[in-house]
Amino acid sequence: MPRRILPILLPILTVTIFLGACETVFDTTEPEEPAEEEPELTHTATDYPTNQNPPEWIWEGAIYEVFVRNIGEDGTFAELEEELPRIKELGVKTLWLMPIHPIGEEKRKGPAGSPYSVQDFYEVHPDYGTKEDFHSLRETAHELDMKIILDWVANHTAHDHEWTENPEWYIQDQDGEPRPPIAFPEWWDIAALDYSRNEPREVMTDAIRYWVEEMEVDGFRFDYPGDIPMDYWGYVLPKMQEINPDLFLLAETGDTEFITDGPFHMLYGWSSHFTHAGVWTGDARPHELVNQAQQEIEGTAGSPPMRFITNHDETSWTLNPVVLFGNNNPHVAGANAEPLLEENDPEYVDSDGSKAAAVAQLLLPGVPMLYNAQEIGSVDAEGRLVGHPFDDEASNDTAYLFTESTYSWDDLGPTSERFQEFYTALLELRNESRLFRRGDMRIPDDYSRNDELVFYARTLAGSPEGSGNGESANESGDDSSESTYGVVVVNPTPDPLEADVDALLERAVPDAGERAWSYRAGHHLERGDISELQAREEIDGYEWWIIEEM
């Protein structure tokens, strides 16, 4: 470097070094606080059973959903206990009790509140009776060879639950207050627990354990499980199965992940239900219902779901099943729903449409479910329809789910008797036949949107063309004369449709012409000679044929 440049560079270098030193010495920037570490979760699991087979008892009969508030004159455990023999006679094996706990007062919806706004997981609603009354109900059910599963709300609590004294246990709003689930802000009466923390996991596990150990329930229907991490379900449910290996675990979801990647036994057949309703209103084609049902089975590694045409949500928010599936459905008839709901014309209430819908849905692979009052036409003691269409403005005051609405099965008249006889016969057919209880489903290859009938075959595994979801024809050791094939044909419209019985059988069953057949139809589903159907060229409006190999 030339010497003459040094005098110029030295002052520049000196200033630069000085300024650099000043930055180091006089830096007053506040150091960043270390990020708060996520708590190490204790009630969690990554290794747990999936694709679990349900306990065998769940296949033995139907599930019956009970809203205790609706039972008898007062809505009590004692009144429900009196009804157990009648409910069992329907063909019911399992009682599903909607939440039976005290209901929150703070931010309550309607005069009676939602049963899904739980104020105390360890107590029973005082209007229903006492824990001793519950024990008596459970003991009577067990004496009748029935099971009791409890509706369990793990995702949230009422706002006046004692746990809310710890607001950090909950998902909070901008003011730091517990808030409803993010997906359902309109459910202002509940506060969503925060499962990223240990405390909610610990207290919820203890509460579930209490009902398994002390109250000896036979299983659970878990309400809205999707917002709870699977690693918690993978922890708590196997723990409960260690106490009772025969515990039944039903998830209120159609998301197949809860079986394929989760520890549950059974899901809802939601997708086929919604498609089913669309078939009856003309918004979907019959083949879509059957294909949806098959996809539900295949998506859960062969575990069929719970099948239904209504439940407490549908009766509350959509339409009563005798309206939804009837020829007076306002969507189909272009009628105003309110006058129909008020008039309660007996012919309208006794809609064959809802019965045809029940045949189509409840004979699909899975476990059938009835909602209380469904078997009496969903009418109360005065003949009024139970439930009404959802109304945003009225829902907080008059919605069926939030009001006192008891009913009795006494003196209900011929309409209800016909419904009772129908469901008794339908469930007897299902429960006493291994084919319909555990058989597979087969859809004809050429079944398409051109078909106007709901149409599918049931077949025992091991026979040709089965889908592999049931037990084999010889597995249970029953009489070898048990039917190998059955075909279900339902007209989802109020108008007659063409139907060639022989052609339907040939499409559904290999070598159909070489087999002997009988059929069931009508309110009592009595057997008849197949020649009676073969002589016909059409199937009447809302008529159904259940054709079985003899």
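Look above for the structure.
So, a few notes on the structure that sits alongside this text. Model, not experiment: these values are computed from the prediction.

1. Points about the packing of aromatic side chains
Note on aromatic pairs: each is described by the distance of the centres and the angle between the planes.
Right, so step 1: Summed over all chains, the structure comprises 27 aromatic pairs.
Right, so step 2: Taken together, a centroid distance of 5.9 Å and an interplanar angle of 85 degrees make the contact between Y210 and W211 edge-to-face.
Right, so step 3: Residues F422 and Y423 carry aromatic rings whose centres are separated by 4.9 Å and whose planes lie at 70 degrees to one another, so their mutual orientation is edge-to-face. There is no split in this pair, since F422 and Y423 are both buried.
Right, so step 4: Of the aromatic side chains, those joined through ring pairs into one cluster are F121, W152, W163, Y195, F220, F222, Y232, W233, F258 and F264.
Right, so step 5: One cation-aromatic arrangement involves K109 over W188; the distance from NZ or CZ to the ring centre is 3.6 Å.

2. Here's the deal with the sheet that holds strand β17 (residues 544-549)
Right, so step 1: As summarised here, the arrangement of the 6 strands in space is β10-β11-β12-β17-β14-β15, forming an open sheet in which the pairing is antiparallel. The open sheet is flanked by β10 (440-442) and β15 (526-529), the only strands paired with a single partner. Averaged over all neighbouring strand pairs, the angle between strand axes comes to 30 degrees, with direction disregarded.
Right, so step 2: Bridging between strand β14 (residues 517-521) and β17 involves 4 bridges; their strand directions are antiparallel. Within β17, the residue paired with Y519 across the bridge is I547.
Right, so step 3: Taken strand by strand, helix α8 (residues 286-298) contacts β10 and β11 (454-459), and its axis lies near 30 degrees from that of β11.
Right, so step 4: In the packing of helix α18 (residues 501-508) onto the sheet, contacts are made with β10, β11, β12 (485-490), β14 and β17, and the angle to β11 comes to roughly 50 degrees.

Thresholds applied
- Each chain has its residues counted from 1, following the order in which its sequence is written.
- Whole-chain, interface and lining totals are the exception, using all residues; otherwise, since this is a predicted model, local features are given only for residues with pLDDT of at least 70 and side-chain atom pairs are given and counted only at 80 or more.
- Only heavy atoms go into the side-chain values, all of them from the structure, while hydrogens and water stay out.
- Pairing of aromatic side chains requires ring centres within 6.5 Å, counting the rings of Phe and Tyr and the six-membered ring of Trp. Pairs whose planes differ by under 30 degrees are stacked, by over 60 edge-to-face, and all others tilted.
- Exposure is judged per residue with a 1.4 Å probe applied to protein chains only, and the accessible area is read against the type maximum: over 50% gives exposed, under 20% gives buried, and values in between give partly exposed.
- A ring is considered to have a charge above it if a Lys NZ or an Arg CZ atom is located within 6 Å of its centre and within 35 degrees of its normal.
- For two strands to count as paired, DSSP must find a minimum of two bridges between them.
- By the criteria applied, helices consist of DSSP H or I runs no shorter than four residues and strands consist of E runs no shorter than two, each listed in order from the N terminus.
- Angles shown run from 0 to 180 degrees and are taken between the N-to-C directions of axes, each axis being a line fitted to C-alpha atoms and, for helices, limited to the stretch in contact.
- Contacts are assigned to residue pairs that have any heavy atoms within 4.5 Å of one another.

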